[in-house]
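Each chain is listed here by its residues.
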Amino acid sequence: MASQPSSSRRDVYQLVTDIILEKLEQGVIPWKQRWSAQGPAANYVSKKPYRGINALLLNSLGLAQPYFLTFRQAKQLGGHIQKGAKSLPVVYWQWYFWHKETGRKLTEEEAQALPSKEVERKAFLRYYRVFPIQDTEGITLELSQTNSSSLDEDKLIRGFQPLHSMPHPVAVKTQSNTPFYHPRHDYINMPAMNTSASEEAYFHVLYHEITHSVGHAKRLNRSSVTDPQPFGSWIYSKEELIAEMGAGFLSNLMDLQSETELTDATAYIQGWLKVLRNDKRFVIEAAQQAQRAADYILGNYKGE
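So, here's what we can say about the structure. The model shown is predicted, which means the values in this text are computed figures rather than measured ones.

Procedures and definitions
- Residues numbered from 1 in each chain as written.
- Predicted model: local features only at pLDDT ≥ 70, side-chain atom pairs only at ≥ 80, totals over all residues.
- Heavy atoms only, no water.
- Helix = DSSP H or I, 4+ residues; strand = E, 2+ residues; numbered from the N terminus.
- Rg over C-alpha atoms; globule rule 2.2 N^0.38 Å.
- Contact = heavy atoms within 4.5 Å.
- Areas by Shrake-Rupley, 256 points an atom, 1.4 Å probe, with all protein chains shown as cover.
- Lys, Arg positive; Asp, Glu negative; His and termini not counted.
- Charge placed at Lys NZ, Arg CZ, Asp CG, Glu CD.
- Expected span 1.5 Å × (residues − 1).
- Buried < 20%, exposed > 50% of the residue type's maximum accessible area, 1.4 Å probe, protein only.
- Phe/Tyr/Trp six-rings, centres within 6.5 Å; stacked < 30°, edge-to-face > 60°.

### Description of the overall build of the chain
Then, in step 1: A count of helical and extended segments in the chain gives 10 helices and 10 strands.
Then, in step 2: The C-alpha atoms of the chain give 21 Å as radius of gyration, which agrees with the globular expectation for 304 residues (19 Å, within 12%).
Then, in step 3: Residue pairs at least 24 apart in sequence account for 73% of intrachain contacts in the chain once pairs closer than 6 positions are excluded.
Then, in step 4: Carbon together with sulfur atoms contributes 49% to the accessible area of the chain, which is approximately 16400 Å² in total.
Then, in step 5: Each charge class in the chain was averaged separately, 34 positive and 32 negative side chains, and the resulting centres sit 7 Å apart.

The following block contains the structure:
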């Protein structure tokens with residue numbers, strides 16, 4: 001994808017966190033939004049879906065055609081961005097490499113050719129801006145028709161697929177009416193499905209607990225699971241947001257996102273507002289871990 005990195009010195013973490021905070025203040029919870037019937041937000045040219053925090057931001061816009069272009073891409077397609085159109089940031093990691101002994105800056109190719117112990121690596125979060133395709137003019141857009149919904153009888157098969165695709169699968173038991181993941185014994189407790197408001201609501205909770213289980217030492221070894229902290233602590237809150245985001249990713253990928261409204265939405269939103277205002281890195285790091293967990297669960301994790 002042709003990207004156009006921003007020349008701004010603005011703090012990328014703060015920029016993205018401010019957008020998330022604004023959405024929460026408006027009553028929009030990005031990780032609980034249903035994606036377009038066309039699927040996840042993607043770049044119009046490459047058709048490559050956005051991931052992590054970018055997926056959360058762009059999928060929460062509620063666009064029927066969730067495709068985006070950079071200013072340069074619109075121009076290359078023979079069109080332009082409409083005057084007054086509002087852009088959104090897309091973040092990415094830019095890597096730099098140095099030779100440890102000489103301090104010489106290396107290209108990525110040079111770094112890959114050397115033994116890893118001789119190379120110092122450091123990543124910086126950068127961003128560029130994209131626009132929704134409906135904010136473009138002069139481009140002949142080729143858009144697909146709305147996908148037909150999956151048959152209801154396929155819902156259970158789709159719903160349980162993540163349990164079967166995940167490496168080192170986790171056991172699921174029904175011992176009580178309280179859902180939880182037990183890290184020491186590595187199992188999930190789920191209430192009976194008929195106690196949930198809907199099948200979608202059941203699977204959202206299941207995916208939340210599966211995302212927790214990915215943090216086990218024999219899977220992705222996430223410290224917020226292997227070294228759990230007290231309720232209300234920063235690490236506890238981050239792990240809960242990872243699980244919520246992971247459930248959102250999986251529910252949408254399985255076409256099972258629940259539209260059931262939160263009964264305690266105001267308290268829920270206020271809780272996250274308080275956490276995010278105190279740590280500008282919190283939401284980006286949680287989204288990164290949630291995306292990694294979703295990849296692992298679906299058998300798509302390539303490692304670091």
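From this point on, the discussion continues.
### Looking at helix H8 (residues 234–253)
Then, in step 1: Between its terminal C-alpha atoms H8 stretches 29 Å, which fits the 28 Å expected from 20 residues at 1.5 Å a residue.
Then, in step 2: The element H8 is extensively covered by neighbouring structure, given that 15 of its 20 residues are classed as buried.
Then, in step 3: Of the residues one or two after H8, Asp255 is the one with positive phi, at around 55 degrees.

### Quick word on the packing of aromatic side chains
Then, in step 1: Scanning all chains against the criterion turns up 17 aromatic pairs.
Then, in step 2: Pairing Phe160 with Tyr202 gives two aromatic rings, centres 6.4 Å apart and planes at 65 degrees, and the pair type is edge-to-face. You can see Phe160 sitting in helix H5 (residues 155–165) and its partner Tyr202 sitting in helix H6 (residues 199–213), a full 42 residues away along the chain.
Then, in step 3: Overall, the relative accessible area of 27% leaves Phe160 in the partly exposed class.
Then, in step 4: The interplanar angle of 75 degrees and the centroid separation of 6.4 Å between the aromatic rings of Tyr268 and Trp272 together place this pair among those described as edge-to-face. Remark: Trp272 and Tyr268 occur in helix H9 (residues 265–277); sequence separation between them is 4 residues, near one turn of the helix.
Then, in step 5: Of the residues examined, Trp272 reaches a relative accessible area of 9% and is grouped as buried.

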